[in-house]
Amino acid sequence: APQYENIKIEVVGEKKNVGLIQLHRPKALNALCKPLFKELGKAVKDFDADKAIAAIIITGNEKAFAAGADIKEMQNNTYSSNTRDGFLQEWEDVSNCGKPVIAAVNGFALGGGCELAMLCDIIYAGENAKFGQPEINIGTIPGAGGTQRLPRYVGKSKAMEIVLTGNFFGAQEAEKMGLVSKVFPVDKLLEETIKLAERIGTHSPLIVKMAKQSVNQAYETTLKTGLQFEKSLFYGTFATGDRQEGMNAFIEKRTPAFKND
Ligand code: CAA
C-alpha cells in the first residue's frame with residue numbers, strides 16, 4: 001500500500017468493500033495543503049480503480065473535517081503564481097471519481113473544507129459539525145466551488161448569506177437547508193456512514209455509477225437536456241446483465257446476484 005503522510009486509508013465494512021480516507025493533519029485542523037490534496041487525489045483514484053470497493057468515505061477527526069485551504073501555504077501566493085501553477089486545480093480530482101464519495105463531517109468544515117464536502121456526493125454530519133465559507137474574513141472568496149455549488153445546493157439567499165458574512169452554521173441548520181442529508185451523534189457518525197456505503201454496496205456497481213452520472217447531470221445542464229440524458233442512461237441499463245438479473249430476481253422473489261456487467 002502507498003505510504004501517506006497527510007491522510008490515512010483503510011478498507012472497512014463487513015464485506016471489506018468500503019474505502020475509508022481520513023484526513024490526517026490534526027495539528028493544523030486538517031488544513032488542505034497541496035501535499036494533502038495530492039495524496040487525497042491518489043487515494044480516491046486508487047479506490048475508484050479497485051474492483052473490491054463499492055463506495056468511498058472521506059472523513060476527518062472529531063475536531064475538524066478540514067479548516068480550509070492552508071492559509072500559511074498560500075499567504076504569499078501571487079496572481080501570477082496562482083495562474084501559472086493552477087492553484088487548487090487538483091481539487092477537482094475528487095469530483096472525477098465514478099464511485100459514490102461520501103463525506104462524514106465532524107467538527108470544522110470551513111472554506112475549502114466545506115467545499116471538499118460539497119465535492120462529495122452525499123454529506124453526513126455529526127452534531128458538532130460547523131460549516132462555513134469564511135474566506136471573506138481573510139480578504140478573499142471561495143475558490144474551490146463554494147460560490148457555485150452552494151447556490152445550486154441551498155439556494156441564492158442562503159448561499160449569499162454564508163459567503164458574504166463568513167459566519168459558521170451548525171449541523172442542524174446545514175441539514176435544514178439541504179446541504180447535509182442526515183445528522184448523527186458524534187460517536188455514531190462514522191459507523192452510520194459506513195452503513196450507508198454498505199447499503200449502496202449491495203447494488204450493482206455498474207448501475208450505481210450510471211445513477212450517479214445521471215444525478216450529476218442535473219447540476220450541469222438544462223432540465224430538457226438532463227431528462228434526455230437520464231432517458232438514454234435508463235434505456236442503457238437495459239443493455240446490462242445486472243438490469244435483467246435485478247428484474248428476474250424480483251419476479252422470482254430472491255436476492256439479485258449482480259455481476260457488475
Ligand atoms: N490554514 C492553515 N492553518 C490553519 C488553518 C488553515 N485554514 N486553520 C487552522 N490552522 C492552524 C492554526 O494556524 C493553528 O496552528 P498553530 O498551532 O501553528 O498556530 C492550528 O491550526 C489550530 O488552529 P487554532 O488555534 O486557530 O484553533 P481554534 O480552535 O482556536 O480555531 C478555527 C479554530 C475557528 C477553525 C480557526 O482555526 C480558523 O478560523 N481557521 C481558519 C478558517 C478559514 O479561514 N478557512 C478558510 C481558508 S481559505 C480557503 O479555504 C480558500 C478556498 O476557498 C479554497
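What counts as what
- Residues numbered from 1 in each chain as written.
- Predicted model: local features only at pLDDT ≥ 70, side-chain atom pairs only at ≥ 80, totals over all residues.
- Core = buried A, V, L, I, M, F, W, Y, C linked by C-beta atoms within 7 Å.
- Buried ≥ 20, exposed ≤ 12 C-beta atoms within 10 Å, placed from the backbone.
- Helix = DSSP H or I, 4+ residues; strand = E, 2+ residues; numbered from the N terminus.
- Contact = placed C-beta atoms within 7 Å.
- Pairing = 2+ DSSP bridges.
- Right-handed = clockwise from strand over helix to strand, strands pointing away.
- Axes fitted to C-alpha atoms, helices over the stretch in contact; angles between N-to-C directions.
- Near = placed C-beta within 6 Å.
- Nonpolar A, V, L, I, M, F, W, Y, C, P; charged D, E, K, R; others polar.
- Left-handed = near helix turned anticlockwise from the far one by under 90°.

The protein chain goes by Probable enoyl-CoA hydratase, mitochondrial in an unreviewed UniProt entry, where it is assigned to Pieris macdunnoughi.

Asker: I'd like a description of the nonpolar core, backed by residues and values.
Answerer: By size, the foremost hydrophobic cluster in this structure holds 59 residues, and its most contacted members are Ile 56, Ile 57, Ile 102, Ala 109 and Ala 117. Broken down by element, this core gets its largest block of residues, six residues, from helix 1 (residues 34-49). Excluding its chain neighbours within four sequence positions, the residues that come into contact with Ala 109 are Phe 65, Ala 66, Cys 114, Ala 117, Ala 129, Lys 130 and Phe 131.

Asker: A description of the pairing of strand 2 (residues 18-23) should follow, citing residues and the corresponding values.
Answerer: Side-chain direction in a regular strand flips from residue to residue, so the side chains alternate between the two faces of the sheet. Counting buried positions along strand 2 yields five of six residues, so the element is predominantly enclosed. Note that strand 1 (residues 7-12) and strand 2 share six bridges and pair antiparallel. Counted as the bridge partner of Val 12 is Val 18 from strand 2. Adjacent in sequence and paired antiparallel, strand 1 and strand 2 are bridged by five residues, among which Gly 13 carries a positive phi angle near 95°. Note that strand 2 and strand 3 (residues 55-59) share five bridges and pair parallel. By the bridge assignment for strand 3, Gly 19 is matched with Ile 56. As for the winding sense of the linkage, the β-α-β connection from strand 2 through helix 1 to strand 3 is right-handed.

Asker: Which residues make up the sheet that holds strand 10 (residues 182-184), and what are the values?
Answerer: In a beta sheet, neighbouring strands pair by backbone hydrogen bonds and run either parallel or antiparallel. Strand order in the open sheet made by the six strands is 1-2-3-5-7-10, with mixed pairing throughout. Each edge of the open sheet carries a strand with a single partner, namely strand 1 and strand 10. Along the sheet, successive strands turn relative to each other by an average axial angle of 20°, direction set aside. Contacts from helix 1 reach strand 1, strand 2, strand 3 and strand 5 (101-105), with the element oriented near 20° to strand 1.

Asker: Break down the site of the ligand for me, citing the residues and quoting the values.
Answerer: As a matter of local geometry, the ligand sits amid 22 residues, with Ala 31, Ala 67, Gly 68, Gly 111 and Gly 112 nearest to it. Classifying every residue of the shell around the ligand gives 13 nonpolar, five polar and four charged.

Asker: Please set out the pairing of strand 5 residue by residue, giving values where relevant.
Answerer: Counted residue by residue, strand 5 has five buried out of five residues, so it is predominantly covered. By the alternation rule, side chains of strand 5 split into Val 101, Ala 103 and Val 105 and Ile 102 and Ala 104, which are all buried. Relative to strand 5, strand 3 runs parallel, the two sharing four bridges. Note on strand 5: the bridge partner recorded for Thr 59 is Ala 104. Of the pairings in the sheet, the one linking strand 5 to strand 7 (residues 122-126) comprises four bridges and is parallel in character. Counted as the bridge partner of Ala 104 is Tyr 124 from strand 7.

Asker: Residues and numbers for the packing of helix 5 (residues 146-154) against helix 6 (residues 156-165), please.
Answerer: Relative orientation of the contacting elements helix 5 and helix 6 amounts to 145°, with a least axis distance of 7 Å. For the pair helix 5 and helix 6, the sense of crossing is right-handed. Contacts between helix 5 and helix 6 involve Gly 146, Thr 147, Leu 150, Pro 151 and Val 154 from the first element and Lys 156, Lys 158, Ala 159, Ile 162 and Val 163 from the second. Split into classes, the residues belonging to the contact of helix 5 with helix 6 amount to six nonpolar, two polar and two charged.

Asker: Break down unusual backbone geometry for me, with residues and values.
Answerer: Even without glycine at this site, Leu 29 takes up a positive phi of about 50°. Tracing the sequence through the fold places Leu 29 in the loop between strand 2 and helix 1. The class for Leu 29 is partly exposed, based on 19 C-beta atoms found within 10 Å. If you check the backbone angles, Lys 253 has positive phi at about 55° while not being a glycine. If you trace the backbone, Lys 253 turns up in the segment after helix 11 (241-251). Of the residues examined, Lys 253 has 6 C-beta atoms within 10 Å and is grouped as exposed.

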